[in-house]
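Below, each chain spelled out in residue letters.
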Amino acid sequence: SSAAPSNVDPETQSYQRAYNLLGKQQFTPAKAGFQSYLQQYPQGKYAADSHYWLGELALVDGDESGAIREFTT
């Protein structure tokens, strides 16, 4: 089964889902996943990482101002 181990907290699962999509180069769903994570956990333990990856994804899209915004958040 592809289910995460039950000892992993929901916050980690939410971040890990988005990160796994990134690894599969599924950039649009990964971006949505990181945005969803930040909506649920704006001060979460993976918030800085999520902003970083959103910045990288903005660069992939050619959105330099969006990337700068994410990198400086």
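It should be noted that the structure appears before, not after, this text.
These remarks concern the structure in this document. (Residues numbered from 1 in each chain as written. Predicted model: local features only at pLDDT ≥ 70, side-chain atom pairs only at ≥ 80, totals over all residues. Heavy atoms only, no water.)

1. Thoughts on helix 3 (residues 47-60)
Side chains of residues three or four places apart in an α-helix project in the same direction, reflecting 3.6 residues per turn. The line we're drawing: By the criteria applied, helices consist of DSSP H or I runs no shorter than four residues and strands consist of E runs no shorter than two, each listed in order from the N terminus. Take the residue count of a helix, subtract one, and multiply by 1.5 Å to get its expected span. The buried label goes to any residue with under 20% of its type's maximum accessible area, the exposed label to any with over 50%, and the partly exposed label to all in between, with areas taken from a 1.4 Å probe on protein chains only. In this description, one arc is meant: the one made by directions from the helix axis to the C-beta atoms.
Here helix 3 spans 20 Å end to end across 14 residues, near enough to the 20 Å set by a 1.5 Å rise per residue. Listing the buried residues of helix 3 in full gives Ala 47, Ser 50, His 51, Leu 54, Gly 55, Leu 57 and Ala 58. Looking straight down helix 3, one finds its buried side chains confined to an arc of 165°; they lie on one side. Looking at helix 3, the residues exposed on the side facing more than 90 degrees away from the buried face are Ala 48 and Val 60.

2. Structural notes on unusual backbone geometry
One non-glycine residue with positive phi stands out, namely Gln 25, at about 60°. The residue Gln 25 is located in the loop between helix 1 (10-23) and helix 2 (27-40) in this model. Residue classification places Gln 25 among the exposed positions, given a relative accessible area of 61%.

3. Quick notes on the packing of aromatic side chains
Convention followed: Each Phe, Tyr or Trp ring, with Trp reduced to its six-membered ring, pairs with another whose centre is within 6.5 Å; inter-plane angles below 30 degrees give stacked pairs, above 60 give edge-to-face pairs, and intermediate values give tilted ones.
Applying the stated criterion to the full structure yields 9 aromatic pairs. Ring plane angle 55° and centroid distance 5.7 Å describe the contact between Tyr 15 and Phe 34, whose orientation is recorded as tilted. With a gap of 19 residues between them, Tyr 15 in helix 1 and Phe 34 in helix 2 connect regions that are remote in the sequence. Of the two residues examined, Tyr 15 and Phe 34, each falls in the buried class. Measuring from ring centre to ring centre gives 5.0 Å for Tyr 52 and Trp 53, while their planes differ by 75°; the resulting arrangement is edge-to-face. When its relative accessible area of 38% is taken as the criterion, Tyr 52 is described as partly exposed. By relative accessible area, Trp 53 is classed as partly exposed at 24%.

4. What to know about the side chain of Glu 70
The cut-off we apply is this: Two residue types count as positive, namely Lys and Arg, and two as negative, namely Asp and Glu; His and chain ends fall outside the count. Any Lys or Arg side-chain nitrogen located within 4 Å of an Asp or Glu carboxyl oxygen qualifies as a salt bridge. Note on contacts: a residue pair qualifies if any of its non-hydrogen atoms lie within 4.5 Å across the two residues.
Note on placement: Glu 70 falls in helix 4 (residues 64-72). Salt bridges are absent for the buried Glu 70, whose nearest opposite-charge side chain, Arg 69, sits at 5.0 Å. If sequence neighbours within four positions are ignored, Glu 70 has contacts with His 51, Leu 54 and Gly 55.

5. What about the environment of Ile 68?
As for its placement among the helices and strands, Ile 68 is situated in helix 4. Owing to a relative accessible area of 52%, Ile 68 belongs among the exposed residues under this scheme. Residues Ile 68 and Gln 25, spaced 43 residues apart in sequence, show a C-alpha to C-alpha distance of 21 Å.

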